[in-house]
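# Observations on chain architecture
Spelled out, the chains give:
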Amino acid sequence: MLNTKVKNIKIQETIKLNNILEYEFWISKALIELENGNFKNILFRFINNDKIKESVYCYWNICMENFLNNTQQINTNNSKVVITQEENTEYKNAISIKLCDKTEREKYYETKVYLVNIVKYLTDSNIDLLNEYKEYKNKILLIGITS
């Protein structure tokens, strides 16, 4: 997905995590138009390098809040979360997070999370935009794509 060319990005809203008071977490939601004419919803945010697990946890909770509010009730006692590392490169890590029944035969919900080290990529590529991104030196871009 991240190798796809984006034609247009329209930021729609900022979503705040509501159900866990210990975390002040928000994420931006955008509709992207791909070069091939398809549209995808993404969630994104720059996060601190030392907060990756916490941020993915908060992202997943936001996804579950929205999913459970917009679907018929599922028996969460009879379901489990499956996390799979899909890709690990110098600039990007990708994981898949699924909510499925305990046998993993029926998938209720799935999201892909990409953790992109934009600053390292710009530095290694000698791209001029580095000065604009230097405030993100210790940050990773979290991109979530829901199915």
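You'll find the structure just up there.
Every chain's residues receive numbers from 1 upward, in the order its sequence appears when written. Per-residue local features are limited, in this predicted model, to residues with pLDDT of at least 70; the limit for side-chain atom pairs, both in listing and counting, is 80 or more; totals at the level of whole chains, interfaces and linings are taken over all residues. Derived side-chain values reflect all non-hydrogen atoms in the structure, with water molecules and hydrogen atoms excluded from consideration.

Stacked, tilted and edge-to-face are the three classes applied to pairs of Phe, Tyr and Trp rings, where Trp contributes its six-membered ring and a pair requires centres within 6.5 Å; stacked means planes under 30 degrees apart, edge-to-face means over 60, and tilted covers the rest. Across all of its chains, the model carries four aromatic pairs by this definition. Aromatic pair F67 and Y109: ring centres 5.0 Å apart, planes at 45°, arrangement tilted. Highlighted residues: F67 in helix α1 (residues 52-69) and Y109 in strand β6 (residues 107-116), separated in sequence by 42 residues. Only protein chains enter the accessibility calculation, which uses a 1.4 Å probe. A residue is then buried if its area is under 20% of the maximum for its type, exposed if over 50%, and partly exposed in between. Take F67: its relative accessible area is 15%, and that puts it in the buried class. Relative accessible area serves as the criterion here: at 11%, Y109 is assigned to the buried category. Measuring from ring centre to ring centre gives 5.3 Å for Y91 and Y121, while their planes differ by 85°; the resulting arrangement is edge-to-face. Of this pair, Y91 sits in the loop between β4 (79-88) and β5 (92-101) while Y121 sits in helix α2 (residues 118-125); the two residues are 30 residues apart in sequence, bridging distant segments of the chain. The structure contains a cluster of three or more aromatic residues connected by ring pairs, namely W60, F67 and Y109. Working rule: Lys NZ or Arg CZ, within 6 Å of ring centre, within 35 degrees of ring normal, means a charge sits over the ring. Above the ring of W26, the side-chain terminus of R45 is found at 4.4 Å from the ring centroid. In this text, helices come from DSSP runs of H or I with a minimum length of four residues, and strands from runs of E with a minimum of two, each type numbered from the N-terminal end.

The values reported here are purely geometric and, on their own, carry no functional implication.
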